[in-house]
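As a plain string of letters, each chain reads:
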Amino acid sequence: MISFQETAQALAAEALFTRLSLPGRIIPLPSRCGLAWKAAPGDQAVLTAALEENGIGHGPCCVLEMF
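Source: prediction; values computed, not measured.

### Structural notes on unusual backbone geometry
- At Ser21, a residue that is not glycine, the phi angle is positive and equals roughly 55°.
- Structurally, the position occupied by Ser21 is in the loop between helix H1 (7-19) and strand E2 (25-28).
- Since its relative accessible area comes to 64%, Ser21 is described here as exposed.

Shown next as structure tokens:
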């Protein structure tokens, strides 16, 4: 999961990832207000690289174990 500090960043990331056909989807953050990008842990490097190459800031990335 990639979190964002601002809604605008999350929406820009969603548009970028969709345009580039990258995996994942936007979700509400489970612990606070805001949005995050949900994808498989193995996709983190390609997703964060795309964000950095396009100047889109983001918050922490984390893996959540779901039951």
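### Looking at the sheet that holds strand E3 (residues 35-38)
- Strand order in this open sheet of three strands is E1-E3-E2, and the pairing throughout is antiparallel. Edge positions in the sheet fall to strand E1 (2-3) and E2, since each of these pairs with one other strand and no more.
- As judged from the four bridges shared by E2 and E3, these two strands associate in the antiparallel manner. When the sheet's bridge partners are listed, Arg25 is paired in E3 with Lys38.
- In this fold H1 packs onto E2 and E3, with an angle of close to 25° to the strand it touches most, E3.

### Observations regarding the nonpolar core
- Counting residues in each nonpolar core, the largest one holds twelve residues, listed as Ile2, Phe4, Ala10, Ala13, Leu16, Phe17, Leu22, Trp37, Leu47, Ala50, Leu51 and Ile56.
- For this core, the elements supplying multiple residues, two or more each, are H1 and helix H2 (44-53).
- Leave out the neighbours within four places in its chain, and Leu22 touches Phe17, Trp37, Val46, Leu47 and Ala50.

### Quick word on the side chain of Ser3
- Position of Ser3 relative to the elements: it lies in strand E1.
- Within the structure, Ser3 has its side chain in polar contact with the backbone oxygen of Pro60 (distance 2.9 Å).
- In this view, Ser3 contacts Leu29, Leu35, Ala36, His58, Gly59 and Pro60; residues no more than four positions away in its chain are not counted.

Calculation notes
- Residues numbered from 1 in each chain as written.
- Predicted model: local features only at pLDDT ≥ 70, side-chain atom pairs only at ≥ 80, totals over all residues.
- Heavy atoms only, no water.
- Helix = DSSP H or I, 4+ residues; strand = E, 2+ residues; numbered from the N terminus.
- Buried < 20%, exposed > 50% of the residue type's maximum accessible area, 1.4 Å probe, protein only.
- Pairing = 2+ DSSP bridges.
- Contact = heavy atoms within 4.5 Å.
- Axes fitted to C-alpha atoms, helices over the stretch in contact; angles between N-to-C directions.
- Core = buried A, V, L, I, M, F, W, Y, C linked by side-chain atoms within 4.5 Å.
- Polar contact = N/O pair within 3.5 Å; in protein donor to acceptor, adjacent residues only side chain to side chain.

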